[in-house]
Amino acid sequence: MKGTVAKMVKVEIYEPVHECCGGGGSCGCGGDDNHDKMLVKAAFHALKEVDDVEAVRHQIDPEAFNGNETVVKALAGDEENLPITLLDGKVVKMGAYPSLDEISDYTGLGFVDEEAGQGGCCGGSGCCC
């Protein structure tokens, strides 16, 4: 990650419930969606160290979902709209996780997918949280 943030930004992702690996929980197994989720998790973890960015993932939190009118309207009863990404309170993406390029655009910081071409998630097991 490199770059600087010009102003304080808040990026939020409202995520669906994921089940994985036979035991349930908040994982996703295999596929592009899981790779994107893994990248978002890593990017949001890195963003915790950036003073001018607030990055929040909302998972399995009915209060967060129901307490945000923008998310309630975006969902409109259709969970297929998840995940929903908000930038400073406005919907910028629905139905898919943002790419690293999109997160870079939202924050003004550059991200690189170090896992690309290395067998995927968790050494190729197809299961990451």
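See the structure shown above.
The notes below deal with the structure included here. (Residues numbered from 1 in each chain as written. Predicted model: local features only at pLDDT ≥ 70, side-chain atom pairs only at ≥ 80, totals over all residues. Heavy atoms only, no water.)

## Here we look at the packing of aromatic side chains
To describe a pair of aromatic rings, one takes the distance between the centres and the angle between the planes.
Okay, so step 1: Scanning all chains against the criterion turns up one aromatic pair.
Okay, so step 2: Between the aromatic rings of Y14 and F65, the centroid separation amounts to 5.2 Å while the plane-to-plane angle is 90 degrees, which identifies the pairing as edge-to-face. With a gap of 51 residues between them, Y14 in strand β2 (residues 9-15) and F65 in helix α2 (residues 62-66) connect regions that are remote in the sequence. Exposure class is identical for Y14 and F65. Each is buried. (Phe/Tyr/Trp six-rings, centres within 6.5 Å; stacked < 30°, edge-to-face > 60°. Helix = DSSP H or I, 4+ residues; strand = E, 2+ residues; numbered from the N terminus. Buried < 20%, exposed > 50% of the residue type's maximum accessible area, 1.4 Å probe, protein only.)

## Quick notes on the nonpolar core
Okay, so step 1: Residues V40, F44, L47, V53, I103, L109 and F111 are the most contacted members of the largest nonpolar core, which totals 19 residues.
Okay, so step 2: The set of elements that each furnish at least two residues to this core consists of β2, α1 (31-47), β4 (53-59) and α4 (100-107).
Okay, so step 3: For this core, the leading source of residues is α1, giving six residues. (Core = buried A, V, L, I, M, F, W, Y, C linked by side-chain atoms within 4.5 Å.)

## What about α4?
Okay, so step 1: For α4, the complete set of buried residues consists of L100, I103, S104, Y106 and T107. Viewed end-on, α4 has its buried residues packed into an arc of 160 degrees, placing them on one side of the element. Of the exposed residues in α4, the ones pointing more than 90 degrees away from its buried face are D101 and D105.
Okay, so step 2: Positive phi appears at G108, one or two residues downstream of α4, with a value of about 80 degrees. (Arc of directions from axis to C-beta.)

## Section: the pairing of strand β5 (residues 84-87)
Okay, so step 1: A two-sided burial pattern is seen for β5, the buried positions comprising I84 and L86 on one face and T85 and L87 on the other.
Okay, so step 2: Across four bridges, the pairing between β2 and β5 is antiparallel. The residue of β5 that forms the bridge with Y14 is I84.
Okay, so step 3: When β5 meets strand β6 (residues 90-94), the two strands line up antiparallel, connected through four bridges. Residue pairing in the sheet places L87 in a bridge with K90 of β6.
Okay, so step 4: Linkage of β5 to β6, two consecutive antiparallel strands, is achieved through a turn of two residues, within which D88 is found at a positive phi near 50 degrees. (Pairing = 2+ DSSP bridges.)

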